[in-house]
Amino acid sequence: MDLIHVEKVSKTYPGCASPALENMSLAVEEGEIVALLGASGCGKTTLLRLIAGFERPDQGEIALQGRTVAGDGIFVPPERRGVGMVFQDYALFPHLNVYRNIAFGLPRGRKTEAAVADMIAMVGLQGFERRLPAELSGGQQQRVALARALVRDPVVVLLDEPFSNLDTELRGHMRQEVRRLLRNTQATALLVTHDREDALRVADRLVLMDRDRTDQMPELCCIKETVID
Amino acid sequence: MAIPIHRQTSASPPSTRRCLLGQTPSRRWLGVWRGNPPSWDLLLAALLAVILFTAPIGYVFLRALQAGLDRWQVLLRTRVPVLLGNTLILMGTVTAGAIVIGVTCAFLIERTDLPGRRVLQTLLAMPLIIPPYVGALTAIIVLGPTGLLRDLLGRAPIRLYSFGGVAALLILFTYPYIYLMTAAALRRLNRSFEEAARSCGLSYHRVVMRVILPMLRPAIGAGAVLVALYVLSDFGLVSLMRYDTFTRAIYFQMTGRFDRSGAAVLSTLLITLTLGVLWFEVKTRTGKGYAQTVGTYRPPQRVPLGKLKLPALGFVLLIVLCSVILPIGVLLYWGAQGVARGFLNADLVRYLTNSLRIAAPTAVVAMALAVPVAYLRSRHPSSISRGVDRIISAGYALPGVIVALGVIFIFNRYLPALYATPGMIVAACLMRFLPQSLRSADASLELVAPRLDEAARGMGVRAGLVLWKVILPIILPGVLAGGALVFVSTMKELPATLLLRPAGLDTLAVRIWMEAHEGFYAAAALPALLLVLSSALPLSWMIRRY
């Protein structure tokens, strides 16, 4: 059984003539890190937002862990899908400090405290708990965003262009870091990017997205050279 | 929020720069300006503005100190407790009410599928063109003890001259400050914050409570401070409604008892209250600059109102009806009555010309002072330019009666030749409204890169001339918009004009207040209509431009 199952999904935004996504299908297995690679405007962010539940598909079906969350008259709102999201601009709550950003929406209690403390240690932000997002560097902000997504043990972590706001040097470092964190937590992840380097360094498997179709690629090791060519 | 621009001054070594009187400036002077001292003409303009602002208020304080212990004691024992209670309760009630209405309307317009929100959006901001004392006039015409409804029903349906009446009217004419600020913040609020909260497992209702409202807090707070400051400074509405606050007491201390020292004592207390509100603003604002993260912007999602659609629409319509449609309708009806009774005559033209004779020079001088002061703050950051900016910005918080009192003291003593001339009113209006043109000039100056100044310097334009030859033409639209704001505010200004006008110089605002005070509502409606029109025209010009 696939963890994410997207079946022939189409989406046209209101007021747009052409569809953002048409007849798109995708399957992600548990524990995989998959990168959706494609030029901007090919619908990869739309796909991510459909899986997260921020948009409703016009047609087709989306299932998470075998449970239909969209399509067939069903629509599960984002807060009940158990999906973790890392936004392009991180979307850290500016009025909450690092600790409270990560613990946001979790029930109060010793269990949460322990989980958040563990997560802060894992992303290497000990000592920064009381800082506000504006007082953090870009790399640190991204760690907080990732920690916030991972701490609630999500079904899948969705990452939308996670490295686009970082400079080149930090980018290389954060790619390794993100891959390490996803591996350590054994999370399933779907990463959207237009940067080949991002996709190759972080993901196990690449999915090339062209307008209107998906070419599922074999294992990363096999295609590495072809892509770089 | 304006971001100070710190300029690199590597282009030419500081020691070769010339400044005051062409001498090489001292090391200390350079240190204050971070190696980038302004030219003397800029400093002179700033100095002029600072004197204009500090002298009258300083004199009010001085006179209050000289008033003598016994006068302080008498006032503190008799008048002050009542005034303080009245003013503070009114301020609290109006601010709370304006927050409830302003935030609710902003949310309904910006975040729900409320029908007709395009039109309602404009209508909700409209009360700003109706001066509160004109609003009070229309309410008295309809609901007052001798109003229209009494004629229809046999008795007045409510007691308008009461705390509830004053508070309700002030709320209706001040909520747009909070509505506009909150709506703008809601539009800027990136959708990803809400989505992040929802992916953390929060329902929409809890997202509103835990993410949207906390992030709106700075905007709501800024609007609330404007409302609170307005209530402290309002004279026209409370005096027509016969509700005793500090401003009304100061006015009658000056005009009824000719007791300027007593007025100075009460003014000192009112300034202290004003400073308290300003201090509160600074305290809650610092360290809370919620910088919006950059990134892809998505328009916010609208919530379907469902069964609440009709009640919500009814609520917004009721607000619009009470704060815009009824007042303007009453003015139109009574204006027509006034025309029929022959009030549309040479006198009315004279009132309008008098208003223009004061508003036009005020706007011109305000623009002329705003440009150098804004330039000084933006291009020559230092403790001095920041101080100048702070002093002038505080002017918007000063009640008109206090400004008038200070101006009377100063002109009486140091400028007797100009005493009882329109120049006094211009000076008072500049103190109150220069901040408006300053903010406007500031905002357009922030958009001009300092590189441009440096490029002009590089081509051999003298420092003092860069502003006039290069910068001014670029920022002119913004400066003119600021001038339009000052013009409108001066047209509507009541207390300072009332206290400072030379005999016979009746402006529209003064005339409205006097007729309404005497109960000649038909005579007041026509000038009021003219006033609303003359402030709506420059504002609609501004809105169309931006």
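The numbering scheme is per chain: residues are counted from 1 as the chain's sequence reads. Going through the entries in the order they are written, you letter the chains from A and number the ligands from 1. Predicted model: local features are reported for residues with pLDDT of at least 70 only, side-chain atom pairs are reported and counted for 80 or more only, and whole-chain, interface and lining totals are derived from all residues. Water and hydrogen atoms were dropped before computing side-chain values, which therefore reflect all heavy atoms in the structure.

### Observations regarding the overall build of chain A
Our working definition: Secondary structure elements follow DSSP: runs of H or I no shorter than four residues count as helices, runs of E no shorter than two count as strands, and numbering proceeds from the N terminus. Taken over C-alpha atoms, the radius of gyration is set against a globule rule of 2.2 Å times the number of residues to the power 0.38. Burial here depends on accessible area, computed with a 1.4 Å probe over protein chains only, as a share of the maximum for the residue type. Under 20% is buried, over 50% is exposed, and the range in between is partly exposed. Whether two residues are in contact is decided by their heavy atoms, any of which lying within 4.5 Å being enough. Surface exposure here means Shrake-Rupley accessible area, sampled with a 1.4 Å probe, where a residue is shielded only by the protein chains that are shown. Neither His nor the chain ends contribute to the count of charged residues, in which Lys and Arg are positive and Asp and Glu negative. We put the charge of a Lys on NZ, of an Arg on CZ, of an Asp on CG and of a Glu on CD.
Scanning chain A from terminus to terminus reveals seven helices and eleven strands. Taken over the C-alpha trace, chain A has a radius of gyration of 17 Å; the compact-globule value for 229 residues is 17 Å, and the two agree within 12%. Considered along the principal axes of its C-alpha atoms, chain A spans approximately 45 × 45 × 35 Å. Looking at chain A as a whole, 55% of its 229 residues are labelled buried. Taking all contacts inside chain A whose residues are at least 6 apart in sequence as the whole, residues at least 24 apart take part in 68%. Surface accessibility of chain A: about 10400 Å² in total, with carbon and sulfur atoms responsible for 46%. Averaging the positions of the 28 positive and the 32 negative side-chain charges in chain A gives two centres separated by 6 Å.

### Things to note about the overall build of chain B
If you tally the helices and strands in chain B, you get 22 helices and zero strands. Seen through its principal axes, chain B has C-alpha atoms that stretch 85 × 70 × 50 Å. Per-residue burial over chain B gives 53% buried out of 546 residues. Within the structure as shown, chain B displays about 24400 Å² of accessible surface, and the carbon and sulfur contribution to it stands at 67%.

### Examining the environment of A249(B)
Residue and element names in this part refer to chain B. Along the chain, the position of A249 falls in helix α11 (residues 246-255). Classification of A249 by relative accessible area gives buried; the value is 2%. Beyond its immediate chain neighbours, meaning those up to four positions away, A249 contacts R79, L83 and L266.

### Brief notes about the domain arrangement of chain B
Think of interface size as the accessible area that goes away when the parts come together; that is how it is often given. Residue and element names in this part refer to chain B. This is how it is decided: As used throughout, domain bounds are those supplied by an automatic or database domain assignment. Once two parts are brought into contact, the accessible area they lose, counted with a 1.4 Å probe and summed over both, makes up the buried area. When a carboxyl oxygen of Asp or Glu is within 4 Å of a side-chain nitrogen of Lys or Arg, the pair counts as a salt bridge. Here a polar contact means two N or O atoms within 3.5 Å. Within protein one must be a hydrogen donor candidate and the other an acceptor candidate, and residues neighboring in sequence count only if both atoms are side-chain atoms. Each residue is assigned to one class: nonpolar for Ala, Val, Leu, Ile, Met, Phe, Trp, Tyr, Cys and Pro, charged for Asp, Glu, Lys and Arg, and polar for all the others, Gly among them.
Segmenting chain B into domains produces domain 1 (36-66 + 341-546) and domain 2 (70-291). The distance between the C-alpha centroids of domain 1 and domain 2 comes to 23 Å. Between domain 1 and domain 2, the contact holds 35 residues from the first and 36 residues from the second. In total, domain 1 and domain 2 occlude about 3100 Å² of area from one another, counting both sides; carbon and sulfur atoms represent 76% of this. On inspection of domain 1 and its partner domain 2, the count reaches zero salt bridges. Seen at the junction of domain 1 and domain 2, the total is five residue pairs in polar contact (both at pLDDT 80 or more). Secondary-structure elements contributing two or more residues to the side of domain 1 that touches domain 2 are α2 (40-66), α16 (400-414), α20 (495-500), α21 (508-518) and α22 (521-545). Residue contributions to the side of domain 1 that touches domain 2 peak at eight residues, all from α22. Looking at the side of domain 1 that touches domain 2 residue by residue, the class counts come to 29 nonpolar, three polar and three charged.

### Looking at α21(B)
Residue and element names in this part refer to chain B. For α21, the buried fraction is high: eight of the eleven residues fall into the buried class. Where α21 is concerned, the buried positions are L508, A509, V510, R511, I512, W513, E515 and A516. Backbone geometry just downstream of α21 places G519 in the positive-phi region, at approximately 90°.

### Here we look at the interface of chain A and chain B
Contact residues are listed per partner, giving 24 residues for chain A and 26 residues for chain B. When the two sides are added together, the surface that chain A and chain B hide from each other amounts to roughly 2200 Å², 58% of it contributed by carbon and sulfur. Where E195(B) meets R49(A), a salt bridge forms, and the shortest distance between an N and an O atom there is 2.6 Å. Linking chain A with chain B are five residue pairs in polar contact (both at pLDDT 80 or more). Among the secondary structure elements, those contributing two or more residues to the side of chain A that touches chain B are α1 (44-52) and β7 (83-86) of chain A.

### Observations regarding the pairing of strand β9 (residues 189-193) of chain A
Residue and element names in this part refer to chain A. Applied cut-off: Being paired, for any two strands, means DSSP has found at least two bridges between them.
For β9, a buried count of five out of five residues is recorded, marking the element as mostly surrounded by other parts of the structure. Here β9 shows a buried face lined by A189, L191 and T193 and a second buried face lined by L190 and V192. Two strands pair when backbone bridges link them, and strand β3 (residues 33-37) and β9 are joined in this way by five bridges, in the parallel orientation. Across the sheet, the residue bridging to V34 is L190, located in β9. Pairing of strand β8 (residues 156-160) with β9, which is carried by four bridges, proceeds in the parallel orientation. Counted as the bridge partner of D160 is V192 from β9.

### Let's talk about the pattern of salt bridges
Residues and elements named next belong to chain B. Taken as a whole and judged by the stated rule, the model has 33 salt bridges over all chains. Two residues, R350 and D347, come together in a salt bridge whose shortest N-O distance is 3.3 Å. You can see R350 and its partner D347 sitting in helix α14 (residues 346-379), three residues apart, about one turn around the helix. Residue R350 is classed as partly exposed on the basis of its relative accessible area of 37%. R432 is the salt-bridge partner of E493, the closest N and O atoms lying 2.8 Å from each other. Here R432 lies in helix α17 (residues 422-446) and E493 lies in the loop between α19 (463-492) and α20, a separation of 61 residues in the sequence. Of the two residues examined, E493 and R432, each falls in the buried class.

### Some details on the side chain of T112(A)
All names here are of chain A. Its place among the elements puts T112 in helix α3 (residues 110-122). For T112, a relative accessible area of 13% puts it in the buried group. Discounting chain neighbours no more than four positions away, the residues touching T112 are A103, L106 and P107.

### Observations concerning the confidence of the model for chain A
Basically, it comes down to this: Confidence scores per residue from the predictor, reported as pLDDT, run from 0 to 100.
Put simply, chain A has an average pLDDT of 85, and 92% of its residues get 70 or more. In the model, residues 218-229 of chain A has pLDDT below 50 throughout and makes 14 contacts with residues more than four positions away in sequence or in other chains.

### Considering the packing of aromatic side chains
What counts here: For this analysis, a ring pair means two rings from Phe, Tyr or Trp (six-membered ring only for Trp) whose centres lie within 6.5 Å, classed as stacked if their planes differ by under 30 degrees, edge-to-face if by over 60, and tilted for the remaining angles. Only when the NZ atom of a Lys or the CZ atom of an Arg is both within 6 Å of the ring centre and within 35 degrees of the ring normal do we say a charge sits over the ring.
Under the counting rule described, the total for this entry stands at ten aromatic pairs over all chains. Between F235(B) and Y251(B) the ring centres are 4.6 Å apart and the planes differ by 45°, which places this aromatic pair in the tilted class. Of this pair, F235(B) sits in the loop between α9 (204-233) and α10 (236-240) while Y251(B) sits in helix α11, placing them 16 residues apart in sequence. Taking the centre distance of 5.7 Å and the plane angle of 35° together, the rings of F235(B) and W513(B) count as tilted. With F235(B) in the loop between α9 and α10 and W513(B) in helix α21, the pair connects residues that are 278 residues apart, well separated along the chain. Here F235(B) matches W513(B) in class, with each residue buried. Members of the aromatic cluster, connected to one another through ring pairs, are F235(B), Y251(B), F252(B) and W513(B). One residue, R210(B), lies across the ring of F104(A), its end atom 4.5 Å from the ring centre.

### A word on the sheet that holds strand β6 (residues 74-75) of chain A
Residue and element names in this part refer to chain A. The cut-off we apply is this: Axis angles are defined between N-to-C directions and span 0 to 180 degrees, where every axis is a line fitted to C-alpha atoms and, for a helix, only to the segment in contact.
Overall, antiparallel pairing links the five strands, which are arranged β2-β1-β4-β5-β6 in an open sheet. The sheet is open, and its two edges are formed by β2 (21-28) and β6, each paired on a single side. Sheet contacts for α1: β1 (4-11), β2 and β4 (59-64); angle to β1, the most-contacted strand, approximately 120°.

### Some remarks on unusual backbone geometry
Residues and elements named next belong to chain A. Within the chain, A91 stands out as a residue other than glycine whose phi angle is a positive 50°. Mapped onto the secondary structure, A91 falls in the loop between β7 and α2 (98-102). In the Ramachandran plot, E161 falls in the positive-phi region, its phi being about 40° despite a non-glycine side chain. The topology assignment puts E161 in the loop between β8 and α5 (168-184). On the basis of relative accessible area, E161 is assigned to the buried category, the value being 8%.

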